[in-house]
Amino acid sequence: MATITIFEIDVDPLSSADVVVLAAYTVDIVDNDDFLQDPDADSGLQLDVSAVPGFLGNSTNFQTFEIYNGDVGGAPVTFTLLQFSDPQYIVVTSGDVSVGDTIENTNNTIVTAPPSEYDTLPSFVCFTAGSLIRTPVGLRAIETLRPGDPVAVAGGGSRPVRWIGRRHLSAAELARNRRFCPVRIRAGAFGEGCPHRDLLLSPQHRIAITSPLLELYFCDPMVLAPAKGLVNGDTIAPVSPAKGVEYVHLLFDRHELVNVEGLWSESFFPGDCAMGAMAAETRRELFGLFPELRTDEDSYGDTVLPVLKPYELRVLRSGLDVPHETRFALAG
């Protein structure tokens with residue numbers, strides 16, 4: 001079941017410029033539509049808040065539903081206020097927040113929050129350290145790559161890596177924010193050698209999939225699907241590594257498919273949600289390489305394949321497969 005994190009803060013952000021994040025609670029999304037909103041479109045429950053201390057009423061609607069801006073250590077954050085007193089609760093809609101953080105410079109203005117699509121709430125879209133990626137000179141651990149190194153891409157040839165981002169999350173951070181836990185795709189989950197070894201990906205990271213039903217339902221023979229939408233509780237399931245996890249972003253001049261552990265998976269795509277989850281310093285680094293992104297989020301181009309959302313994958317459960325390495329010409 002999909003989850004979301006509700007954070008407790010120490011004060012109503014309408015009356016204070018700085019709020020402290022006191023606690024985090026992972027709750028199940030029980031909504032029958034794709035949006036967190038107030039009130040719910042069909043007056044149904046949206047979140048299972050039964051285990052959240054002091055939550056007033058239920059999730060059909062909320063004590064308030066206002067959006068605020070602020071920053072954590074200079075990195076922008078936006079959040080939606082779900083309850084303004086006894087205690088105060090929020091959902092983060094962009095940026096990165098952890099228990100103990102202070103969200104500073106909140107705007108102290110009542111602005112009704114628009115509906116938030118669950119699938120767009122911030123997360124990490126990246127590989128994990130230790131994964132082996134195909135290059136023109138053979139397999140390399142992804143964390144050993146440097147900007148300028150060539151990586152084999154779908155369609156033949158190779159492309160130089162333009163930018164690499166890394167972030168380590170400790171076991172304690174994963175325990176507080178379970179939505180950041182990686183998804184493990186076990187060796188052979190899609191047949192022999194697919195993947196070659198167990199592969200860990202961030203929940204939002206997308207891999208290429210095929211299915212006989214794809215053309216029937218979506219008019220495409222191959223699409224990108226997020227790892228969290230492929231979870232089956234057996235060969236594909238979330239894990240919480242005892243030593244934490246190091247996430248690694250790879251960015252090219254355009255969105256690419258790269259081969260990691262025998263699966264074709266996307267490179268980093270600097271869309272609005274991914275950029276919103278980054279620290280200000282990281283965004284400045286990317287703007288230095290791609291200055292047009294500062295004013296035009298669409299300037300990077302389209303994703304290499306159409307993208308399916310988790311709920312769209314439900315109709316394909318029985319026939320999911322992945323394109324095997326021979327489907328594409330490979331460099332080297």
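Each value, and the rule that gives it
- Residues numbered from 1 in each chain as written.
- Predicted model: local features only at pLDDT ≥ 70, side-chain atom pairs only at ≥ 80, totals over all residues.
- Heavy atoms only, no water.
- Pairing = 2+ DSSP bridges.
- Helix = DSSP H or I, 4+ residues; strand = E, 2+ residues; numbered from the N terminus.
- Patch = residues over 30% accessible without salt bridge, like charges linked within 9 Å, V, L, I, M, F, W, Y side chains within 5 Å.
- Areas by Shrake-Rupley, 256 points an atom, 1.4 Å probe, with all protein chains shown as cover.
- Salt bridge = Lys/Arg side-chain N within 4 Å of Asp/Glu carboxyl O.
- Buried < 20%, exposed > 50% of the residue type's maximum accessible area, 1.4 Å probe, protein only.
- Polar contact = N/O pair within 3.5 Å; in protein donor to acceptor, adjacent residues only side chain to side chain.
- Contact = heavy atoms within 4.5 Å.

**Student:** How should I be thinking about the sheet that holds strand β1 (residues 3–9) in this particular structure?
**Tutor:** On the basis of which strands lie adjacent, the open sheet formed by six strands has the order β4-β5-β6-β1-β2-β7 and antiparallel pairing. Both outer strands of the open sheet, β4 (66–72) and β7 (102–103), are each paired with one neighbouring strand and no more.

**Student:** So what exactly am I meant to see when it comes to a nonpolar patch on the surface here?
**Tutor:** On the surface, a nonpolar cluster with roughly 320 Å² of combined accessible area is contributed by Leu216, Tyr217 and Val315. With respect to the secondary-structure elements, Val315 resides in the segment after α5 (310–313). Take Val315: its relative accessible area is 38%, and that puts it in the partly exposed class.

**Student:** How should I be thinking about the side chain of Thr64 in this particular structure?
**Tutor:** Relative to the helices and strands, Thr64 resides in the loop between β3 (35–36) and β4. On the basis of relative accessible area, Thr64 is assigned to the buried category, the value being 11%. At 2.9 Å, the side chain of Thr64 forms a polar contact with the side chain of Glu66. For Thr64, the contacting residues outside a window of four places in its chain are Asp38, Leu81, Leu82, Gln83 and Phe84.

**Student:** What am I meant to see in the environment of Tyr89 here?
**Tutor:** Mapped onto the elements of the fold, Tyr89 is located in strand β6 (residues 88–94). Residue Tyr89 is classed as buried on the basis of its relative accessible area of 0%. Residues Tyr89 and Val11, 78 residues apart in the sequence, show an inter-C-alpha distance of 9.3 Å. With near-sequence residues (within four places) excluded, Tyr89 lies in contact with Ile6, Phe7, Glu8, Tyr25, Val52, Pro53, Gly54, Phe55, Thr80, Leu81, Leu82 and Gln83. Of the polar contacts made by the side chain of Tyr89, one reaches the backbone oxygen of Pro53; its length is 2.3 Å.

**Student:** Even after reading the chapter, I still don't get the pattern of salt bridges, so can you show me in this structure?
**Tutor:** If the charged atoms of two oppositely charged side chains come close together, the side chains can form a pair. Across all of its chains, the model carries eight salt bridges by this definition. The residue Arg186 makes a salt bridge to Asp198 at a minimum N-O spacing of 3.7 Å. Taken together, the residues span a long stretch of sequence, with Arg186 in the loop between β15 (183–185) and β16 (199–201) and Asp198 in the loop between β15 and β16 at a distance of 12 residues. With a relative accessible area of 39%, Asp198 lands in the partly exposed category. For Arg206, the salt bridge identified is with Glu266, shortest N-O distance 3.0 Å. Highlighted residues: Arg206 in strand β17 (residues 206–210) and Glu266 in strand β22 (residues 263–266), separated in sequence by 60 residues. Arg206 sits in the buried class, given a relative accessible area of 17%. The exposure class of Glu266 is buried, given its relative accessible area of 0%. Each of Arg159, Arg254 and Glu256 takes part in salt bridges that share partners, so that together they form one network.

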